[in-house]
Amino acid sequence: MKRILMGIGTAAGAFALAACGTSTSAAPAGAAAVQAPAAGGSGGGVAAASTATPRCTTADLEVLLGKPAEKNGAPGQFDVPLTYRNTSDHTCGLYGVPGVDLVGPDDATFGPVYHLPRVDNGVKYNEVPAGTTASATITVVKPAAGEPAWTPAKLNTIPPGRTTALTAKWPADLPVLRQDAATHPGSYVNGILADPA
């Protein structure tokens, strides 16, 4: 009986972790993305109809990194806009949390790739017409004086629901404090938000 109860508790714990929306695993970015659920269900026909639009494929998109900006009230923590532009000739759905890997010099402890945890705080559903954009924000901690500096050369990002990455050059003047093993790291990627037209 104890084994059955422990198994139920383990399954419930795994479900709770899956529902929390962040991932700190070392799997390739995008392989285990926590996706925002699509709108619809028992609510009404409008949301259900809109979710019929296929998700954006990697081939539909290009990625651009914006200028880093220090967060108000959080010295040393920077937000970097991660913008996806729909370069196709059709509307597609882009929602959930993208996978993001920072790739740089080989760190003696953690290696050359920093897999950023994900925070599922974006829109539940979002359509991106041809030629328009949607964005997520990457939040990173810059090393303080005396802390080891690690500056990525590039960023690989996998759009939600996909397995193929897009690449962008990382800002050369923004080193990152590696927190791969931290329980609550200050570096992470946020969910996708709709951009104004």
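Quick caveat, the model's predicted, so the values are computed rather than measured.

1. So, the overall build of the protein chain
The helix and strand inventory of the protein chain stands at 2 helices and 13 strands. Taken across its 197 residues, the protein chain has 41% of its residues classed as buried. Of all intrachain contacts in the protein chain linking residues separated by at least 6 positions in sequence, the fraction that spans at least 24 positions is 76%. Here the protein chain has roughly 10300 Å² of accessible surface; of this, 60% comes from carbon and sulfur atoms.

2. Here's the deal with the pattern of salt bridges
Under the counting rule described, the total for this entry stands at 3 salt bridges. The partner of Glu62 in a salt bridge is Arg85, with the nearest N and O atoms 3.4 Å apart. Taken together, the positions of Glu62 in strand S1 (residues 61–65) and Arg85 in strand S3 (residues 77–86) put the pair 23 residues apart, joining distant regions of the chain. Residue Glu62 is classed as partly exposed on the basis of its relative accessible area, which comes to 32%. Owing to a relative accessible area of 30%, Arg85 belongs among the partly exposed residues under this scheme.

3. Observations concerning the state of the cysteines
Within the structure shown, the criterion is met by 1 disulfide. Each sulfur of the disulfide joining Cys56 and Cys92 lies 2.0 Å from the other. Negative torsions about the S-S bond denote left-handed disulfides, and the value of about 85 degrees found for Cys56 with Cys92 makes this one right-handed. You can see Cys56 sitting in the loop between helix H2 (45–50) and S1 and its partner Cys92 sitting in strand S4 (residues 92–93), a full 36 residues away along the chain. Just as Cys56 is buried, Cys92 falls in that class too.

4. A word on the pairing of S3
Counted residue by residue, S3 has 7 buried out of 10 residues, so it is predominantly covered. Alignment of S1 against S3, held across 5 bridges, turns out to be antiparallel. If you follow Glu62 over to S3, its bridge partner there is Arg85. Direction of pairing for strand S2 (residues 69–70) relative to S3: antiparallel, over a ladder of 2 bridges. Each residue of the ladder has a partner; that of Glu70, found in S3, is Phe78. The antiparallel hairpin formed by S2 and S3 contains 6 residues in its connecting segment, where Gly73 sits at a positive phi of about 75 degrees. Across 9 bridges, the pairing between S3 and strand S9 (residues 133–141) is antiparallel. Within S9, the residue paired with Phe78 across the bridge is Val140.

5. Here we look at the sheet that holds strand S6 (residues 111–115)
What holds strands together in a sheet is hydrogen bonding between their backbones, with the strands either parallel or antiparallel. Taken in spatial order, the 4 strands make up an open sheet running S6-S5-S10-S11, and their pairing is antiparallel. Taken across any chain shown, the strands that pair with only one partner, and hence form the sheet edges, are S6 and strand S11 (166–169). Averaged over all pairs of adjacent strands, the angle between their axes in this sheet comes to 25 degrees, without regard to strand direction. In this sheet, S11 lies alongside strand S10 (residues 154–158) in antiparallel orientation, the contact comprising 4 bridges. Bridging across to S11, Thr157 finds its partner in Leu166.

6. Some remarks on the nonpolar core
Counting residues in hydrophobic clusters, the biggest one holds 28 residues, and the most contacted among them are Leu102, Ile138 and Trp170. In this structure Ile138 touches Leu65, Phe78, Asp79, Val80, Leu82, Val100, Leu116, Leu155, Trp170, Tyr188 and Val189, once residues within four positions along its chain are discounted.

Parameters and conventions
- Counting from 1, residues in each chain are numbered in the order their sequence is written.
- Two thresholds apply to this predicted model, a pLDDT of at least 70 for residue-level local features and 80 or more for giving and counting side-chain atom pairs, whereas whole-chain, interface and lining totals are computed over all residues.
- Calculated side-chain values reflect all of the structure's heavy atoms, with hydrogen atoms and water omitted.
- Only DSSP runs of H or I reaching four residues or more are called helices, and only runs of E reaching two or more are called strands; each is numbered from the N terminus.
- For the exposure calls, accessible area comes from a 1.4 Å probe over protein chains only, and a residue counts as buried if that area is under 20% of its type's maximum, exposed if over 50%, partly exposed in between.
- We call two residues in contact when some of their heavy atoms are within 4.5 Å.
- Areas reported here follow the Shrake-Rupley algorithm with a probe of radius 1.4 Å; residue values treat only the protein chains shown as occluding.
- For this document, the term salt bridge refers to a Lys or Arg side-chain nitrogen within 4 Å of an Asp or Glu carboxyl oxygen.
- Here, two cysteine sulfur atoms that lie within 2.5 Å of each other are counted as a disulfide.
- Note on pairing: two strands pair once DSSP finds at least 2 bridges between them.
- Angular values range over 0 to 180 degrees, each being the angle between N-to-C directions of two axes fitted as lines to C-alpha atoms, with helices fitted over their stretch in contact.
- Only buried residues count toward a nonpolar core, which is a set of Ala, Val, Leu, Ile, Met, Phe, Trp, Tyr and Cys residues joined through side-chain atoms within 4.5 Å.

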